[in-house]
Amino acid sequence: KGVVKDPKEQSRYYLSDWRTHQMSDHLPMWVELKIDFGGEYLAELVDQGCLDVPGVHRPTTCSPEDLPQVIALVDSAMREGSDQTMLDDYPLVYLNSNLDNIRVIKSDGRVVSVVPFLPRPVKIDDCSFSIGIISPTATYPEHRRKGYGLGCLKSCIERMDQVGCELSVLWT
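So, how was this worked out
Residues numbered from 1 in each chain as written. Predicted model: local features only at pLDDT ≥ 70, side-chain atom pairs only at ≥ 80, totals over all residues. Heavy atoms only, no water. Helix = DSSP H or I, 4+ residues; strand = E, 2+ residues; numbered from the N terminus. Buried < 20%, exposed > 50% of the residue type's maximum accessible area, 1.4 Å probe, protein only. Contact = heavy atoms within 4.5 Å. Salt bridge = Lys/Arg side-chain N within 4 Å of Asp/Glu carboxyl O. Pairing = 2+ DSSP bridges. Expected span 1.5 Å × (residues − 1). Core = buried A, V, L, I, M, F, W, Y, C linked by side-chain atoms within 4.5 Å.

Moving on, we get to the overall build of the protein chain. Counting its regular elements, the protein chain contains 5 helices and 6 strands. Ordering the α and β elements of the protein chain from the N terminus gives α-α-β-α-α-β-β-β-β-α-β. Here the protein chain holds 172 residues, and 37% of them are scored as buried. For the protein chain, long-range pairs separated by at least 24 residues make up 68% of all intrachain contacts whose partners lie at least 6 apart in sequence.

Below you can see the structure in the form of structure tokens.
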């Protein structure tokens, strides 16, 4: 179609066509890493007691009832002062069919940390594999530096193994 110049048409295209089918407006960058110490490092930090805080539970799967709290958390971290919401910006991440791939930590019944991932197939020529796209993550400021995001991330990595993701990608 070329470049859309009419402002109303640009807005319509962005809101209905482009944003619905995109994870982000960034181009993917592929990097091959020849080492993998991530699992051991995360396990060591968790074993040191990062998550042993009274009133805080270990990561759990996001339930449909948790989703409004999850959206409020990520919106407060990434969309404050905006009329945009992460629910619209990342619609595939927050589908009911993907809730099993969202990990949350609650403190006193409130979602205070979240790490979601979206499994996606990748096919390049004859090579096929599955990736887990991690994004968007958030923790309320008063709950940071307690290992909550780390715990959610470790739980997501375990889930990626269960669903056959061979690579995880942090999408920023």
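For the structure on display, the rule yields 4 salt bridges. In this structure, Glu142 and Arg110 form a salt bridge, with 3.3 Å as the shortest nitrogen-oxygen distance. Residue Glu142 is found in the loop between strand E5 (138-139) and helix H5 (148-163), and its partner Arg110 is found in strand E3 (residues 110-124); the two are separated by 32 residues along the sequence. Classification of Glu142 by relative accessible area gives partly exposed; the value is 45%.

Bringing the pairing of E3 into the picture now. With 6 bridges joining them, strand E2 (residues 102-107) and E3 adopt antiparallel strand pairing. Paired with Arg103 across the bridge in E3 is Val115. In sequence, E2 turns back onto E3 through a hairpin of 2 residues, with Asp108 there showing a positive phi of about 50°. Bridge analysis of E3 against strand E4 (residues 127-134) gives 8 bridges, and the strand direction is antiparallel.

Attention shifts here to H5. Along its 16 residues, H5 runs 23 Å from first to last C-alpha, staying within 8% of the 22 Å computed at 1.5 Å per residue. Those residues of H5 that fall on the buried side of the exposure criterion are Tyr148, Leu150, Gly151, Cys152, Lys154, Ser155, Cys156, Arg159 and Met160. Residue Gly164 follows H5 closely and has a positive phi angle near 90°.

A cis amide bond, omega -10°, links Ser135 with the succeeding residue Pro136. In the Ramachandran plot, Asp108 falls in the positive-phi region, its phi being about 50° despite a non-glycine side chain. Relative to the helices and strands, Asp108 is located in the loop between E2 and E3.

This part takes up helix H3 (residues 67-78). Under the 1.5 Å per step criterion, the end-to-end length of H3 is 16 Å for 12 residues, consistent within 8% with the ideal 16 Å. Of the residues making up H3, those classed as buried are Leu67, Val70, Ile71, Leu73, Val74 and Asp75. Those residues of H3 that are buried are in contact with helix H4 (86-89), E2, E3 and E5.

This next bit is on the nonpolar core. In a soluble, globular protein the nonpolar side chains are often hidden away together inside. If you look at the biggest cluster of nonpolar residues, it comprises 28 residues, and the most contacted ones within it are Cys62, Leu67, Val70, Tyr94, Ile102, Val104 and Val114. Contributions of two or more residues to this core are made by H3, E2, E3 and H5. Ranked by residues supplied to this core, first place goes to E3 with 6 residues. Once you skip the residues sitting within four places of it in the chain, Val70 turns out to touch Cys62, Tyr94, Val104, Val111 and Val114. Among the nonpolar cores identified, the runner-up in size contains 5 residues, and Val122, Ile133, Val169 and Trp171 belong to it.

Geometric values such as these leave the question of function open.
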